[in-house]
Amino acid sequence: MAGTGKSLPHVRWGVLGTGWISTMFTTDLLAPRPDAPARHTIAALGSSSLEKGNAFVDKVWAKTPEQPRPQVYADYQGVYNDPNVDVVYVGTPHSLHKQNCLDAIAAGKHVLCEKPFTINEREAQEVVDAARRKGVFVMEAVWTRFFPLFKALHQEIHAKKSIGDVQRFFIDFGNKMPLDELPANSRLKDPALGAGALLDIGVYTLTYASIIMGDWKVGKEHPKIERVTSSLDIVNGIDEANVVVLDYASASGGKKTAVCSSTFRFRGAEEFARIEGTAGSIVLFGLGVSVPGGFRVIEGSRPQMGDADARVERVFNIEKPEGTLGFFWEADAVAEDISNDRTENATMPLDETLRMMKLMDGIRRAGGLSYPQDEQ
Ligand SMILES: NC(=O)C1=CN([C@@H]2O[C@H](COP(=O)(O)OP(=O)(O)OC[C@H]3O[C@@H](n4cnc5c(N)ncnc54)[C@H](OP(=O)(O)O)[C@@H]3O)[C@@H](O)[C@H]2O)C=CC1
Ligand SMILES: O=C1OC[C@@H](O)[C@H](O)[C@H]1O
C-alpha cells in the first residue's frame, strides 16, 4: 500500500505500454532526486509481449541499475491483478485509454492516464462514473499543469499584477511529424487510434489558454467561454493542423481573447506563447509547449516612435534535476493525493477533464472531425 504518516508518501506504479511516453515517465521517476517529496517504485510493467517488456526494462533501467526492476507481464491484466501495484499509469494510444482505465478501476487500482483522457466527453464520463463508484483516485496526466511555471505565472499576473489586466494570449504548438513516412497504424496517423493534432497537442494549447484566461479556475468553477471559433485542417481523416480562438469576458469590461494553434507540419518557435496585458507582456519559452523552460516578464508598454523605452525585463527559469523532463512533478502530486486518501487532484480534477473533453468535442464537431468512437 501507499505509505502514509510522517514518512514520505510512497507509491508503487504499474506502467502500461512500452512506447515513448512510458520511457520518459519511467526514466523521470527512476532518476535520483535527493529533495523529492515522494518515493516512487515501478513495481510492474504491462506490454503486448515479454520480449518488448524486458527490452524496455533493460533500456530504461540501464542508467539506474540500483533501482528495483519491475515484474514484467505479457499483457495488461497482469498489472491490474498485481497486489504490489497501487496506481496504474496508462501510456497507450488515445483509443485505448477508456478501456485501460475501466479495467484498472475494476481491479481497484488508482489511475494516472495520459492525455487526452479519452476520445470524447462521453467516454470520459464513463470512466469518471466508474472511478467515483469505486472510490479510487483517477487523474488525466496533463503533466505541464504541474510545472512550477504556472505558480510563478500566477504570482506575476495575479499577486504582483506585473502586466495589468490580461487582454490577449497567443500560443502555438508546432510539432513537425513525418506523417508520410509513418505506417498507417501509427498512433499519430490512424483515426481509429484517435490520431490528430487537436487531441495530441492542441490539448496543451487549450490547457494554457484555459489556465490563463480562466484565472486558474478549473472544472465547474471555470468561467464561461463566450465564444469558440475554430478551423481544422483535415487530411486522411485527422486534423493535421488547427486554430482555435477562445473569447472570455474581461474583468475590466469587453472581452479577452486566446488564439491557439497546433500543427503536425511545422516545428514551432522556442518562444511559443505571449500573454499581453494592459501594462506589459509575458513571453513563454522552452523545449516545447508541453515542456516549458520559463518566461520573460516585460513590464511597461512598447514605446511610441521617438519615445524612450522604459520597459523592464525579468526572466524566470524552471530548474529541474539533471536528466529529467518534469514528469516527476505530476507523479509527486499523485503520490501526495493517494497517500492522503484523495480521489481527485485539485490542479487537474475530473470535472476539468470533462470540461476540456467537451470543449474539444465541440471544436471537432464544428470542424467536421469525428472518430469511430463518436458513433458508438
Ligand atoms: N505527456 C507527454 O508529454 C506525452 C504524452 N503522450 C501520450 O502518451 C500516449 C502514448 O503515446 P506514445 O508513447 O507516444 O505512443 P507510442 O506509440 O510510442 O507507444 C504506445 C504504446 O502503447 C502500446 N500499445 C497498445 N496497443 C497499441 C496499438 N494498437 N498501437 C500502438 N501501440 C499500442 C504499445 O506498447 P506495448 O506493445 O508494449 O503494450 C506501444 O509501445 C498517448 O496518449 C499520447 O498522447 C505521448 C507523448 C508525450
Ligand atoms: O503529449 C505530447 O507532447 C509531445 C509530443 O511530441 C507528443 O506527440 C504528444 O503526445
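Residues numbered from 1 in each chain as written. Chains lettered and ligands numbered in written order. Predicted model: local features only at pLDDT ≥ 70, side-chain atom pairs only at ≥ 80, totals over all residues. Heavy atoms only, no water.

By the naming in an unreviewed UniProt entry, the protein chain is D-xylose 1-dehydrogenase (NADP(+), D-xylono-1,5-lactone-forming), taken from Bionectria ochroleuca. According to the UniProt record, the Catalytic activity (unreviewed entry) comment for the protein chain reads "D-xylose + NADP(+) = D-xylono-1,5-lactone + NADPH + H(+)". Turning to the protein chain, the UniProt annotation filed under Sequence similarities (unreviewed entry) states: "Belongs to the Gfo/Idh/MocA family." (UniProt positions renumbered as here; feature names shortened; annotations may be inferred.)

A. The arrangement of the sheet that holds strand β7 (residues 166-174) in detail. Spatially, β8-β9-β10-β7-β11-β12-β13-β14 is the arrangement adopted by the eight strands of the open sheet, whose pairing is mixed. Each of the sheet's edge strands pairs with one partner strand only, and the pair in question is β8 (225-235) and β14 (312-317). Strand after strand, the sheet turns through a mean of 10° between neighbouring axes, direction not considered. Looking at chain direction, strand β13 (residues 292-299) and β14 are connected through six bridges and run antiparallel. Pairing of G294 across the sheet is with N317, part of β14. The strands touched by helix α6 (residues 149-159) within the sheet are β7, β11 (271-277), β12 (280-286), β13 and β14, with β13 carrying the most contacts at an inclination of about 10°. Against the sheet, helix α7 (residues 197-213) contacts β7, β9 (238-249), β10 (255-263), β11, β12 and β13, and its axis sits at roughly 160° relative to β10. (Pairing = 2+ DSSP bridges. Helix = DSSP H or I, 4+ residues; strand = E, 2+ residues; numbered from the N terminus. Axes fitted to C-alpha atoms, helices over the stretch in contact; angles between N-to-C directions. Contact = heavy atoms within 4.5 Å.)

B. Just the packing of aromatic side chains, in detail. For the coordinates displayed, the defined rule picks out eleven aromatic pairs. Ring geometry for F25 versus F327: centroids 6.4 Å apart, planes at 75°, classification edge-to-face. Here the residue F25 occupies a position in helix α1 (residues 20-30), and F327 occupies one in helix α8 (residues 327-339), the gap between them amounting to 302 residues. Of the two residues examined, F25 and F327, each falls in the buried class. Seen in terms of ring centroids, F173 and Y204 are 5.7 Å apart; in terms of plane orientation they differ by 55°. Their pairing is tilted. With a gap of 31 residues between them, F173 in strand β7 and Y204 in helix α7 connect regions that are remote in the sequence. The same class applies to F173 as to Y204, namely buried. (Phe/Tyr/Trp six-rings, centres within 6.5 Å; stacked < 30°, edge-to-face > 60°. Buried < 20%, exposed > 50% of the residue type's maximum accessible area, 1.4 Å probe, protein only.)

C. Structural detail: the UniProt feature "domain: Gfo/Idh/MocA-like oxidoreductase N-terminal" (unreviewed entry) in the protein chain. Under the feature "domain: Gfo/Idh/MocA-like oxidoreductase N-terminal" (unreviewed entry), the UniProt entry names residues 11-140. From the first C-alpha to the last, residues 11-140 spans 17 Å; its make-up is 39% helix and 22% strand.

D. Spotlight on the site of ligand 2. As a matter of local geometry, ligand 2 sits amid K115, N175, M177, R187, D200, Y204 and S290. One nitrogen or oxygen atom from the side chain of R187 is found 3.1 Å from an oxygen atom belonging to ligand 2. At a separation of 2.7 Å, an oxygen atom of ligand 2 approaches a polar side-chain atom of Y204. In the complex, the protein chains occlude 78% of the 270 Å² of accessible area that ligand 2 would expose alone. For the shell around ligand 2, the residue count by class is two nonpolar, two polar and three charged. (Near = heavy atom within 4 Å. Polar contact = N/O pair within 3.5 Å; in protein donor to acceptor, adjacent residues only side chain to side chain. Areas by Shrake-Rupley, 256 points an atom, 1.4 Å probe, with all protein chains shown as cover. Nonpolar A, V, L, I, M, F, W, Y, C, P; charged D, E, K, R; others polar.)

E. Structural detail: the site of ligand 1. Taken together, 23 residues lie around ligand 1, and T18, S47, S48, K52 and Y76 are the ones closest in. For ligand 1, an oxygen atom lies 2.6 Å from a polar atom in the side chain of S47. Side-chain polar atom of K52 to an oxygen atom of ligand 1: 2.6 Å apart, as the coordinates give it. A total of 890 Å² of accessible area belongs to ligand 1 in isolation, and the protein chains cover 80% of it. Counting residues per element, the ones that place at least two in the shell around ligand 1 are α1 and α7. Taken domain by domain, the makeup of the shell around ligand 1 includes at least three residues from each of domain 1 (10-144 + 326-345) and domain 2 (148-317 + 355-375). (Domains from an automatic or database assignment.)

F. Just the pattern of salt bridges, in detail. Considering all chains together, one arrives at 27 salt bridges under this definition. With a shortest N-O distance of 2.9 Å, R265 and E240 are connected by a salt bridge. With R265 in the loop between β10 and β11 and E240 in strand β9, this residue pair connects regions lying 25 residues apart in the sequence. A relative accessible area of 13% means that E240 is categorised as buried. Where salt bridges share partners, they join R132, K220, E344 and D351 into one cluster. (Salt bridge = Lys/Arg side-chain N within 4 Å of Asp/Glu carboxyl O.)

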